[in-house]
Amino acid sequence: MFKMNPLTADCDISTQEGIDEACRRISTKEKEIDTRLEDILSQQCQLEGKMRNIGHALSSLSLVSDKSRKLSDMIGHTAQLAENVSAKVRRLDEARSRVSECQQRVHDLIDLQLCSQGVITAIKEEDFEKGAAHVNRFLAMDKNLLQKTADDVSGSITSVSKAVSTLEQAATQIRQVVNQKFDEAVRKDDMASVERFFKIFPLLGMHDQGLEKFMIYICSKLQAKAQKELRSSMDIAKAEKRTTVAYSDTLTVQLENIARVVEVNQAIIENCYGAGRLVQVVKILQRECDDEVVKLVQEFNRNRQIGRRVSQINDYIKNAGNTTMGHYRKASGGGSVDKLNAKDIDALIGEITIIHSRAELYVKFIKRRCANDLEKSSLDPTQRQAKLDELNELIQKSRLNTQMQELLGTYLLFERYFMEESVLKAIALDNLEQGQQCSSMLDDVFFIIRKCIRRSNGTQSLDGVCAVINNAASCLEQDFLNALKSTLKAGYPSGYMDLAQSAFQSSLQQGRLQTSDVDQSRTKFITALNNADMSTEFIETLWSMMADEIKMNFPSMTSREKEKLDSCLSGLKSVGDSLKALVDYGMQQLRASAIKPRLHPWVDQFITHNHNMTEEELANYEAGETFIQFLIVQIDGLLTNFRTSLTPRNYDALVSIVTSEITTRLERAIKKSTFNRLGGLVLDQEVRALSSFLTGATSWSVRDKLAKLIQMATILNLESVSELPEYWDSSSATWRLTPTEVRTILALRIDFRMEDIKKLKL
């Protein structure tokens, strides 16, 4: 059956055109095949070369295969030899181990005999170190193994049993003697003998008992020394003029004595008793530490009258009816309560701070020493952690920790009272020196706050630091901020009053308020505004400084502690936001009483001028005092009154407010006027002059506030309506005017036709 060629499948070969098309396709295909064959034939030499290389490689591979097979046989043979040799080595090693074990067992038997003879001689000669060494060697032996060894060697265990019995009796005897000798040395307070027998206890297997007895002796020495120091603390402090820190000095000495015991005896304990015993030592020392701290704190509370002062403060807060101490002081006038003078507890707060910090440093020292001791021991990580947890629990439940927590609570109460009362006193004694922009309370208040936070940092307690920071934020928010706010709420007295100051104006007209009182009220308002402005900078500095100092003092804070500290610091920083809001409020007060009443009449004079000018009228207008000259002179006079009295930021804010008021009012005035070409030209010149003046009056950029006004002047200065699209499309600045507003402004030009304005495409 005839099979159709795919090249000519769609060709009609019954026609001449179909036959020609089929022939053309076949010819084209033949050419492609010829070209491909030529390409393949051109690679013949390369393929033949590769085939020759493959042939050479095959011969080489045969050689490699033979050599590999020989190498494999050789390795297998070597491995077999190594296995045979290692088997012999293992047998030799096993034999050596058994011989070594046998020698050790024989040596134990020999040592047993020697120890049994030597220990008796040592006891008679009172050579307790040598006798203890014999007992220690005996205790290191395996009794069952000794019995078995004796049976294997001699067939009789009589001599071994006798030696074991002798040594057991000698061990009991020497233990009793060493106990008696140690107790006798303690009674005689013979430190050399105490240390001698302390080193013998571990040789007799009496580790716990030796540590217990030695530490009890050391504690008795510490107790006697502490009682003597406590009795003479005040006398020593008076002699050295350190009565205000007498008890903190005494506690420092007591804790240093305990720490020195650990430091001096740690090496002896490690050498004789082994590493990992320091936690046991600390347990014993902590009891003595607790006793001495309790005595000192009781004496401190009694001598410093802590209870009476705490009661005074608590009664003061209770009578206030709330937790804000300052409110009650203002309500009561400070006379109805036996109030504590904040200055009287300043030194006391410092002493409590030192006491708490010394206790924290002692605890850190103990923990660090115990951790290092456990690292040297043979305990596994789990056992080490268990020991550390035991130590932490011991310190947590100790009376030292309890006393320090109580003192910390007292400190926080005193510190809060001192802070709030000092801040209120600084506010009450506020005064303004001539030539200054801010009053004395600004520096005084922030000095007090910074002092209190820094002092809390010295307690070495992060909880205490956070509490004081929170109190500082509350004090600033409630007392300092309210003092500024009350002054700013009274407003800025001015000769130009709005309705909000009508009562004040009435009083002034009736003579009840003297001019000097007005000046004083103005000065107080400006000073409060400046204080609020500078306080924002002080808050930022305080926040940054305290954050760095606290993190430096607590370098190993956990992530949770960092979050807690950051939260407290953010509370302090939020006071800055409240102060910024207060500054804005004060500026609005100043705007309402001193800016708007003066600016509006000046700007409204724009309407009284003719803006449809002829050439002659323009010349006469420019020859006299123009509107913009009058306005700039008035504004400059207004700003001059505040330039030296306001802080730079407040003055810049004032200029910004003035700019906003002028532009808003002037925009309204322009919309109420009509212009011709010359009037638009004059307006454009005046707006540019105003913009230049206001831009030069402040370090802030006010051009953005003037943008809409400048655009209005530009529109009114156009020669024709057709020019506007060019400005609209080519202007690099964003247009503040909407298309509707643009058409409204254009309609102010009496020489522009409404038809042209309506045809604009914006």
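Residues numbered from 1 in each chain as written. Predicted model: local features only at pLDDT ≥ 70, side-chain atom pairs only at ≥ 80, totals over all residues. Heavy atoms only, no water.

Caption draft 1: Fine view of the overall build of the chain. Along the chain, the regular secondary structure elements total 28 helices and 0 strands. Taken over 762 residues, the chain has a buried fraction of 42%. The long-range share in the chain, meaning contacts at least 24 apart out of those at least 6 apart in sequence, stands at 79%. Put simply, the chain shows about 41,500 Å² of open surface, and 52% of that area lies on carbon and sulfur atoms. (Helix = DSSP H or I, 4+ residues; strand = E, 2+ residues; numbered from the N terminus. Buried < 20%, exposed > 50% of the residue type's maximum accessible area, 1.4 Å probe, protein only. Contact = heavy atoms within 4.5 Å. Areas by Shrake-Rupley, 256 points an atom, 1.4 Å probe, with all protein chains shown as cover.)

Caption draft 2: Structural detail: the pattern of salt bridges. Taken as a whole and judged by the stated rule, the model has 34 salt bridges. For Lys397, the salt bridge is made with Glu393, and the minimal N-O distance between the two is 2.8 Å. Here the residue Lys397 and the residue Glu393 both occupy positions in helix α14 (residues 381-397), the gap between them amounting to 4 residues, near one helical turn. Taking the relative accessible area as the measure of exposure, Lys397 reaches 63% and is therefore exposed. Among the salt bridges present, the one from Asp636 reaches Arg643, with a minimum N-O distance of 3.6 Å. (Salt bridge = Lys/Arg side-chain N within 4 Å of Asp/Glu carboxyl O.)

Caption draft 3: Layout of the nonpolar core. Counting 181 residues, the largest nonpolar core has Leu590, Ile635 and Ile670 as the members making the most contacts within it. Not counting residues within four places of it along the chain, the set of residues in contact with Leu590 comprises Tyr492, Phe525, Ile526, Leu529, Ile595, Phe642 and Leu654. (Core = buried A, V, L, I, M, F, W, Y, C linked by side-chain atoms within 4.5 Å.)

Caption draft 4: Highlighting helix α23 (residues 648-671). End to end, α23 covers 35 Å across 24 residues, agreeing with the expected 34 Å (1.5 Å per residue, within 8%). Where burial is concerned, most of α23 is hidden: 17 out of the 24 residues are buried. (Expected span 1.5 Å × (residues − 1).)

Caption draft 5: Examining the confidence of the model for the chain more closely. Within the chain, residue pLDDT values average 81, and 82% of them lie at 70 or more. Here residues 322-336 is modelled with pLDDT under 50, and outside its nearest four sequence neighbours on either side it reaches 32 contacts, counting other chains as well. (pLDDT = per-residue confidence, 0-100.)

Caption draft 6: Looking closely at the side chain of Asn531. Within the secondary structure layout, Asn531 lies in helix α19 (residues 515-553). Here Asn531 is in contact with Cys438, Ser439, Met441, Leu442 and Leu484, once residues within four sequence places are set aside.

Caption draft 7: Broad picture of the packing of helix α7 (residues 207-231) against helix α10 (residues 278-303). Where α7 meets α10, the axes come as close as 9 Å, and the angle between the chain directions of the two elements is 20°. In terms of orientation, α7 and α10 fall into the roughly parallel class. Considering how the two elements wind past one another, α7 and α10 form a crossing that is right-handed. Here α7 contributes Asp208, Leu211, Glu212, Met215, Ile216, Cys219, Leu222, Gln223, Ala226, Gln227 and Leu230 to the contact with α10, which in turn contributes Gln280, Val281, Ile284, Leu285, Arg287, Glu288, Glu292, Lys295, Leu296 and Glu299. Of the residues belonging to the contact of α7 with α10, the class tally is 11 nonpolar, 3 polar and 7 charged. (Axes fitted to C-alpha atoms, helices over the stretch in contact; angles between N-to-C directions. Parallel < 35°, antiparallel > 145°, perpendicular 65-115°, else oblique. Left-handed = near helix turned anticlockwise from the far one by under 90°. Nonpolar A, V, L, I, M, F, W, Y, C, P; charged D, E, K, R; others polar.)

Caption draft 8: How the structure looks around the packing of α7 against helix α9 (residues 246-273). At a minimum axis separation of 11 Å, α7 and α9 run at an interaxial angle of 160°. Classed by the angle they form, the pair α7 and α9 counts as roughly antiparallel. Crossing of α7 against α9: the hand is right-handed. The residues of α9 that touch α7, namely those facing His207, Gly210, Leu211, Phe214, Ile218, Leu222, Lys225, Ala226, Glu229 and Leu230, are Tyr247, Thr250, Val253, Gln254, Asn257, Ile258, Val261, Asn265, Ile269 and Tyr273. Among the residues forming the contact of α7 with α9, the class breakdown is 12 nonpolar, 6 polar and 2 charged.

Caption draft 9: The packing of aromatic side chains, seen in detail. Within the structure shown, the criterion is met by 11 aromatic pairs. Judged by centre distance (5.5 Å) and plane angle (75°), the rings of Phe182 and Phe201 are edge-to-face. Taken as a pair, Phe182 in helix α5 (residues 158-187) and Phe201 in the loop between α6 (191-200) and α7 lie far apart in primary sequence, 19 residues in all. What makes Phe182 buried here is its relative accessible area of 1%. Centre to centre, the rings of Tyr492 and Phe525 are 5.6 Å apart; their planes meet at 65°, and the pair counts as edge-to-face. (Phe/Tyr/Trp six-rings, centres within 6.5 Å; stacked < 30°, edge-to-face > 60°.)

Caption draft 10: Local environment of the side chain of Gln460. Note that Gln460 resides in the loop between α16 (440-457) and α17 (462-489). Among the polar contacts listed, one links the side chain of Gln460 to the side chain of Lys364, at a separation of 3.3 Å. When sequence neighbours within four positions are dropped, the list of residues in contact with Gln460 reads Ser357, Glu360, Lys364, Asn553 and Phe554. (Polar contact = N/O pair within 3.5 Å; in protein donor to acceptor, adjacent residues only side chain to side chain.)

Caption draft 11: Structural detail: a negative patch on the surface. Together, Glu30, Asp34, Glu38 and Asp39 make up a negatively charged patch on the protein surface. Structurally, Glu38 is set in helix α1 (residues 16-42). (Patch = residues over 30% accessible without salt bridge, like charges linked within 9 Å, V, L, I, M, F, W, Y side chains within 5 Å. Lys, Arg positive; Asp, Glu negative; His and termini not counted. Charge placed at Lys NZ, Arg CZ, Asp CG, Glu CD.)

Caption draft 12: Structural view of unusual backbone geometry. Here Gln305, not a glycine, exhibits a phi torsion of approximately 55°, which is positive. The exposure class assigned to Gln305 is partly exposed, which follows from its relative accessible area of 38%. Phi is positive for Gln460, which is not a glycine, with a value near 65°. Look at Gln460 and you get buried, because its relative accessible area is 15%.

Caption draft 13: Spotlight on the state of the cysteines. Evaluated as defined, the whole model comprises 0 disulfides. Here Cys466 is not cross-linked by a disulfide; its sulfur's nearest cysteine counterpart is in Cys568, at 3.8 Å. Residue Cys466 is classed as buried on the basis of its relative accessible area of 1%. (Disulfide = S-S within 2.5 Å.)

Caption draft 14: Expanded view of α9. For α9, built from 28 residues, the straight-helix expectation of 40 Å at 1.5 Å per residue is met to within 8% by its first-to-last C-alpha distance of 39 Å. The largest bend along α9 reaches roughly 45° and is located at Asn265. A positive phi of about 95° marks Gly274, the residue just after α9. (Bend = angle between axes of the 7 residues up to and from the residue.)

Caption draft 15: Here's a closer look at a nonpolar patch on the surface. Together, Ile33, Leu37, Ile40 and Leu41 make up an exposed nonpolar region whose accessible area comes to about 380 Å². Examined against the element boundaries, Leu37 turns out to sit in helix α1. With a relative accessible area of 44%, Leu37 lands in the partly exposed category.

Caption draft 16: Inspection of the environment of Leu760 at higher detail. As for its position among the elements, Leu760 is in the segment after α28 (754-759). In sequence terms Leu760 and Pro739 are 21 residues apart; their C-alpha atoms lie 9.2 Å from each other. Filtering out sequence-adjacent residues up to four positions away, Leu760 remains in contact with Val721, Leu724, Pro725, Arg743 and Leu746.

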